[in-house]
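# Notes for the structure review
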Amino acid sequence: MNLDNKFILFDGAMGTQLQVCGLSIGEHPEYFNLSHPEIVQNIHKNYVNAGADVITTNTFQANRKKIKQKDLPSIISEAISHAKSAKASYVAYDMGPIGQLLKPMGTLSFDDAYDLFKEQVVLAERFGADLVVIETISDLLEAKAAILAVKENTQLPVFVTMSYQADLRTFVGVDPLTATLTLQALGVNALGVNCSLGPIELLPIVEKILEYAKVPVMVQANAGLPEIVDGKTIYRLTVKEYAQSVKKMIDKGVRIVGGCCGTTPEFTKALRNLLENSKIVQTTPKDVCAVTSGLKTVILDDRLTLIGERINPTGKKLLKEALRNQNLAYILKEGVAQANAGADILDVNVGLPEIDEGKMMVRVVEELQAILSNPLQIDSSSLQAIEQGARYYNGRALINSVNGKQENIEAILPIVKKYGGVVLGLCLDERGIPKTALERFTIAQKIVSEAKKYGIEKSSVVIDPLVLTASAQQNQVIVTLETLRLLKKKLKVKTVVGLSNVSFGLPNRELLNTTFLAQAVGAGLDAPIMNPLNDLMMRTSQALKVFNAQDKNSVAYIEYISKSDEAKAKSTQSETAKKEDTQDLKEIILTGRKELSAEVVKKMLKTKTPLAIVNEFFIPALNEVGAKFERGELFLPQLMQSAETVKNAQELLKKHLTSSEDEEDPSNHRKILLATVEGDIHDIGKNIVKMILENYGFQVFDLGKDVPIQSVVDTICEHDIRLVGLSALMTTTVQNMKKTIEAVCDAGLDVAFFVGGAVLNEEYRDFVGADYYAKDALEAVKIAQKFFKKTFS
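Nothing here was measured: the structure is a model prediction, and the numbers come from that model.

Right, let's talk about a negative patch on the surface for a bit. Together, D111, D112, D115 and E366 give the surface a local cluster of negative charge. By residue number, the principal contributor to the negative patch is helix 5 (residues 110–126), which donates 3 residues. Mapping D115 onto the fold places it in helix 5. You can call D115 partly exposed: its relative accessible area is 36%.

This part covers the packing of aromatic side chains. Throughout the structure, instances matching the rule amount to 5 aromatic pairs. With centroids separated by 5.3 Å and ring planes inclined at 70°, the aromatic side chains of F110 and Y392 adopt a geometry described as edge-to-face. Placement of the pair is F110 in helix 5 and Y392 in helix 14 (residues 383–392), with a sequence separation of 282 residues. Summarising the burial analysis for this pair, F110 and Y392 share the class buried. With centroids separated by 5.8 Å and ring planes inclined at 35°, the aromatic side chains of F698 and F788 adopt a geometry described as tilted. Of the two residues, F698 is situated in the loop between helix 27 (684–695) and strand 22 (699–702) and F788 in helix 31 (residues 777–791); the sequence distance between them amounts to 90 residues. You'll find F698 and F788 in the same group, each marked buried.

Let us look at the pattern of salt bridges. Using the criterion set out here, one finds 34 salt bridges in the structure. Among the salt bridges present, the one from K686 reaches D702, with a minimum N-O distance of 2.8 Å. Here K686, found in helix 27, pairs with D702, found in strand 22; they are 16 residues apart in sequence, far enough to count as distant. Look at the salt bridges and you will find they share partners, linking E152, R391 and K418 into a network.

The residue Q641 is located in helix 25 (residues 636–656) in this model. Not counting residues within four places of it along the chain, the set of residues in contact with Q641 comprises P104, A370, I371, G592 and K594.

With that settled, the discussion passes to unusual backbone geometry. Residue K103 is joined to P104 through a cis peptide bond whose omega torsion reads 10°. In this fold, P104 is placed in the loop between strand 3 (90–95) and helix 5. Of note in this structure, N5 is not a glycine but carries a positive phi near 50°. Residue position: N5 is located in the segment before strand 1 (8–9).

Definitions and limits used
Residues numbered from 1 in each chain as written. Predicted model: local features only at pLDDT ≥ 70, side-chain atom pairs only at ≥ 80, totals over all residues. Heavy atoms only, no water. Patch = residues over 30% accessible without salt bridge, like charges linked within 9 Å, V, L, I, M, F, W, Y side chains within 5 Å. Areas by Shrake-Rupley, 256 points an atom, 1.4 Å probe, with all protein chains shown as cover. Salt bridge = Lys/Arg side-chain N within 4 Å of Asp/Glu carboxyl O. Lys, Arg positive; Asp, Glu negative; His and termini not counted. Charge placed at Lys NZ, Arg CZ, Asp CG, Glu CD. Helix = DSSP H or I, 4+ residues; strand = E, 2+ residues; numbered from the N terminus. Buried < 20%, exposed > 50% of the residue type's maximum accessible area, 1.4 Å probe, protein only. Phe/Tyr/Trp six-rings, centres within 6.5 Å; stacked < 30°, edge-to-face > 60°. Contact = heavy atoms within 4.5 Å.

Structure representation (structure tokens):
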């Protein structure tokens, strides 16, 4: 499929078109391929007649979690056949999200997600699809599983579009920059955005994508935001307004357009006219050296980037012991401490000969990413450990390392390319570490040149000139500095140095490390691998950031110095060393250390009652987490990790409640029913609300998804429930939300309702007759607190 210097027009909405043609509430659109082939074919033909180049199949949720496995081959075969009948230039197999959160946010494993996607794309290629479009994705790890499933099992091109919210992030918190850098590194043929918002609201997101995208950018916007008029969902944006808004994107460099919810063949026709009267705009994307996590990007350009060194067993007795005993609590503590101290990236090395390094690498990477947003450096001499770490990593990892040995190059670089990493190159080869700067520089040149052959750009290579010990090879320290200068002047690559090596075997190591840090930065060092818990090192780093103008107006420097005098730093380090038994419960919750919470609470129960622990520790910590979430300092993964941390401890507290305390337990009187309404099978958001409400001590009766109206009425009566939360993802099932509330009122039950879901807003709340609208889980908590305070005051 040739994407060079041409516009490509995708079709528009399928779901809303099927609804017009009789799709019932709660009915799977994919089954229309079997039951109403003529309707599906006609929709496709209308889009082709309007000018669409690409027809997407009616298979958005044709996965085993939504469709019976025995039906998948026939549904996918027929869907592709129907799309081909329209005789468009291309048929795109449409693959949406699975509908369950991947670990650590949910219960679905990466491998299970991969298998669900693999099953679809193998069939899609067999039955004749020309490409795969992975759309409406919120989680980069889910996108990665889908991309790998396509690329490892088919020869089909792959397009990926994420779905963003009004806060310019996806549902789980991914920003456009992080998505763009990660997806294009994974080798997608096009990337962009679809659904959620109209073209007007999507413009700033698209602008950010275009700033960094090196592959064609794709946009399929909704026809504005949905509204309720006379009980029906409508999209008010006119065809003309839609096309005018899309034109702004085309004028900035977007080359692939189409429509999403609410668009029709009339929109497609307008877009065809627009493209025929437009010219391709060549973009000049920024070429940056950047690593990412699932939520955060660290760009190494024009700044000092700190890589924390402490998760590496070399010379660390306690860490070795933790790895042997699979004590992840100690490892996670090291990660949290370094991130809190100011490390931008965390090195992860779990290399011990007596353990399965590959499995341990995956465990540590997954657990660290569950509680921290910092990108990671996957550091190992084991090819297996590097590959496994890179595969399950969420984001674009820094991979340590490749060297000048041809055998090593041929083993490492394909892994880096496949998983979209940034590779760290070591200036050594078959002869060892050269003694001159020119020889080391020559090896670096070779690494950059060989990386290019694998399609790895120079901006995705960082070089370590290697530091030898001043105690044994004193004259080689200068060689390292000379190599840094050559690398910056002639090769123009980013550089990394492991600082601590220089001081090995000498007294007052922090003085030597700090002095060498200043020298190395002056010679061109971009990213020192260092100990961020050392106060002198951090003070020096902060000072260097002032001198290179990275720290504007010295704000960070002044803040660091004011908060961290030497005495306080020593006290903190001493306290950290012995904090395992006395760790503050609030801090454990804030950092999502779920493996520690139950044990700490168990010790606290010797001096405090369960209700005191809830009121003095759980609630204040959760309030602080919630405040950070609302300020955009934390995102859904961290929010849920903190919730899991509380949940683990709550299970222990329940066992220790005395009969009198049980009677005093406010949850006995604060009962809430939650349900995804009849006809709607989406429950991710509802499940998150449940977890957070339970954290705050509310007793939740969760009826699940696709809940019959009478079940809601019966449960309210049986358990004397006063507050009900209803969820709906689709505009079509909002009607059943209204019917549920009406049925409860008709039964004469004194109940208040709050509603939520992707399509809900205040207008929909008013339409369905609910009392409150909860935009997210934290808003649901506020509603519940306000309601029960008023009810029982």
